[in-house]
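Each chain is listed here by its residues.
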Amino acid sequence: EAYEVGRAAEDVAAVLEAPAHVVGASLGACVAIELALCHPAQVRSLTLITPFLEVSPRLASVSEAWMRVAGEASPDTVAAFLAPWLFGERLLGDEKARARTLRGLASSVRRIPAVTLVRPRAGLVAWAGTRGSDPGAHTLPTLLLPARAPPHPPNRRAVPPPLPPLQSPSSL
């Protein structure tokens with residue numbers, strides 16, 4: 001059973017007591033987009049970190065691999081596997097920071113059963129592609145922080161029109 005992106009947005013809307021500045025990364029950016037489109041009065045602004053509206057074959061493969069590794073490997077191995085996808089060159093190149101980050105990530109992995117990833121991934125796959133043809137449905141201030149490398153879109157042109165007005169750090 002999928003935990004749908006729309007359901008996640010409804011869950012967020014249910015706990016908001018006042019309009020909020022919403023920040024979402026990756027799947028969380030999808031939830032933020034859905035929240036802004038379905039509950040614009042509850043969103044003051046959006047910050048979207050590595051958002052996507054489509055699940056590319058690469059992203060589908062990466063997320064499937066993450067789930068398999070999480071289910072079959074030790075938390076330390078899962079942390080080492082995820083680190084290059086989650087962190088940049090500077091952190092990965094600093095041995096002390098990298099070791100500290102891997103310990104923290106492994107600690108988090110120990111607390112989250114791999115089966116937990118199945119429902120959100122299914123929801124993401126079901127939601128992907130459903131917002132690409134929407135008209136510009138909101139006028140919220142939106143800051144876009146795109147990924148530098150796959151599996152997420154490499155630049156803001158990869159995020160289709162339902163998200164005006166977008167600003168990227170290079171245009172600020």
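In every chain, residue numbers begin from 1 and rise along the written sequence. This being a predicted model, a pLDDT of at least 70 is required before a residue's local features are given, and a value of 80 or more before pairs of side-chain atoms are given or counted; all residues contribute to the totals for chains, interfaces and linings. Excluded from the side-chain calculation are hydrogens and water; included are all heavy atoms of the structure.

Trainee: I'd like a description of the nonpolar core, backed by residues and values.
Mentor: As used in this record, nonpolar core signifies buried Ala, Val, Leu, Ile, Met, Phe, Trp, Tyr and Cys residues forming a set joined through side-chain atoms within 4.5 Å. Think of it in three bands: with a 1.4 Å probe and only protein chains considered, a residue is buried below 20% of the maximum accessible area for its type, exposed above 50%, and partly exposed in between. Counting 24 residues, the largest nonpolar core has Val22, Val43, Leu46 and Leu48 as its most contacted members. Secondary structure follows DSSP: runs of H or I at least 4 residues long count as helices, runs of E at least 2 residues long count as strands, and numbering of each begins at the N terminus. Listed by contribution, the elements that provide at least two residues to this core are helix H1 (5-15), strand S1 (20-25), helix H2 (27-38), strand S2 (43-49) and helix H7 (118-127). Ranked by residues supplied to this core, first place goes to H2 with 8 residues. Those residues in contact with valine 43 that sit more than four places away from it in its chain are Ala20, Val22, Leu35, Ala36 and Leu140. Membership of the second largest hydrophobic core comes to 9 residues, among which are Ala79, Leu105, Ala106 and Val109. Residues count as neighbours in contact if any of their non-hydrogen atoms are within 4.5 Å of one another.

Trainee: With reference to specific residues and values, describe the pairing of strand S3 (residues 142-145).
Mentor: Taking every second residue as pointing to the same face, the buried face of S3 carries Thr142 and Leu144, while none of Leu143 and Leu145 on the other face is buried. Strand pairing requires that DSSP identify at least two bridges connecting the strands. Relative to S3, S2 is paired through 4 bridges, and the arrangement is parallel. Each residue of the ladder has a partner; that of leucine 46, found in S3, is threonine 142.

Trainee: Quick one: what's the story with a nonpolar patch on the surface, residue by residue and with numbers?
Mentor: Here, patches come from residues exposed beyond 30% relative accessible area and free of salt bridges, joined within 9 Å for like charges and within 5 Å for nonpolar side chains (Val, Leu, Ile, Met, Phe, Trp, Tyr). Here, Shrake-Rupley sampling with a 1.4 Å probe gives the accessible areas, and only protein chains in the shown set may cover a residue. Any carboxyl oxygen of Asp or Glu within 4 Å of a side-chain nitrogen of Lys or Arg constitutes a salt bridge here. A cluster of nonpolar side chains, namely Phe81, Trp85 and Leu86, defines an oily patch on the protein surface of about 250 Å² accessible area. With respect to the helices, strands and loops of the structure, leucine 86 is situated in helix H4 (residues 75-86). Classification of leucine 86 by relative accessible area gives partly exposed; the value is 43%.

Without other data, these values stay purely geometric and don't point to any function.
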